[in-house]
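This is what each chain is made of:
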Amino acid sequence: MHTEILEDLVKKAEQSLEPNHELRNRKLQKLVDNEAETEEEKPDGIVYDIFDSIFTPGLPPRVQAVLHLVFFLLVLNFVFMLWLTDFNGHVLFLTVVSMLMWITVTWFIANLPPPEEPIKQN
């Protein structure tokens, strides 16, 4: 009697697991299909360009434009702070340092070697 109950419970458990396996397989297939589609598509955005430029040689023009915009806004902020503080020496020093850093980064980018083209294999 106990073995019949156990066998019945095992059969019910196996029957309840079969649809779950099919469902799990379908979900996995959808994930694989979605990953295959996303590998072909490249996201388009400045954040992606910034992170992508970390791992690829060279500097994309959009990243350069954002870099110059950020430095411009930094210098503009310090100039405004100079005006607010009646040309405080500390703020003047920070303004000069930020301008020199902008010039140095621009010089560094200009002297970067061009990225090497990947070797094509036949």
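It should be emphasised that the depicted structure is a prediction, and the values quoted were computed from it without experimental measurement. (Residues numbered from 1 in each chain as written. Predicted model: local features only at pLDDT ≥ 70, side-chain atom pairs only at ≥ 80, totals over all residues. Heavy atoms only, no water.)

1. Some words on the overall build of the protein chain
Then, in step 1: Within the protein chain one finds 4 helices and 0 strands.
Then, in step 2: Helices (α) and strands (β) of the protein chain occur, in sequence order from the N terminus, as α-α-α-α.
Then, in step 3: By the burial criterion, 10% of the 122 residues in the protein chain qualify as buried.
Then, in step 4: Considering only contacts within the protein chain whose residues lie at least 6 apart along the sequence, 40% involve residues at least 24 apart.
Then, in step 5: With an accessible surface of roughly 11000 Å², the protein chain has 66% of that area assigned to carbon and sulfur atoms. (Helix = DSSP H or I, 4+ residues; strand = E, 2+ residues; numbered from the N terminus. Buried < 20%, exposed > 50% of the residue type's maximum accessible area, 1.4 Å probe, protein only. Contact = heavy atoms within 4.5 Å. Areas by Shrake-Rupley, 256 points an atom, 1.4 Å probe, with all protein chains shown as cover.)

2. Examining the side chain of Ser53
Then, in step 1: Tracing the sequence through the fold places Ser53 in helix α2 (residues 46-55).
Then, in step 2: When near neighbours in sequence (up to four residues on either side) are disregarded, Ser53 contacts Gly58, Leu59, Pro60 and Val63.

3. Quick look at helix α3 (residues 61-84)
Then, in step 1: The end-to-end C-alpha distance of α3 is 34 Å, a good match for the 34 Å that 24 residues give at a rise of 1.5 Å each.
Then, in step 2: All of the buried residues along α3 are Val63, Phe71, Val75, Phe78 and Leu82.
Then, in step 3: On the buried face of α3, the contacting elements are α2 and α4 (89-110).
Then, in step 4: Positive phi shows up at Asp86, right after α3, with a value of about 55°. (Expected span 1.5 Å × (residues − 1).)

4. A closer look at a nonpolar patch on the surface
Then, in step 1: On the surface, Val47, Phe51, Ile54 and Phe55 cluster together into a nonpolar patch covering about 490 Å² of accessible area.
Then, in step 2: With respect to the element layout, Val47 can be found in helix α2. (Patch = residues over 30% accessible without salt bridge, like charges linked within 9 Å, V, L, I, M, F, W, Y side chains within 5 Å. Salt bridge = Lys/Arg side-chain N within 4 Å of Asp/Glu carboxyl O.)

5. Looking at the layout of surface pockets
Then, in step 1: In this model, the largest pocket occupies a volume close to 210 Å³.
Then, in step 2: In terms of lining residues, the largest pocket is bounded by 14 residues, among which Gly58, Leu59, Val63, Ile109 and Leu112 are the most central.
Then, in step 3: When residues of the lining of the largest pocket are traced back to their parent elements, those giving at least two are α2, α3 and α4.
Then, in step 4: Taken together, the residues of the lining of the largest pocket break down into 12 nonpolar, 2 polar and no charged. (1 Å grid on protein atoms, 1.4 Å probe; cavity = no way out; pocket = protein on both sides within 12 Å on 5 of 7 lines; lining within 4 Å. Points joined across faces, edges and corners; volume = space filled by probe spheres on them. Nonpolar A, V, L, I, M, F, W, Y, C, P; charged D, E, K, R; others polar.)

Note that every value here comes from positions in space, so none of it alone points to a role or purpose.
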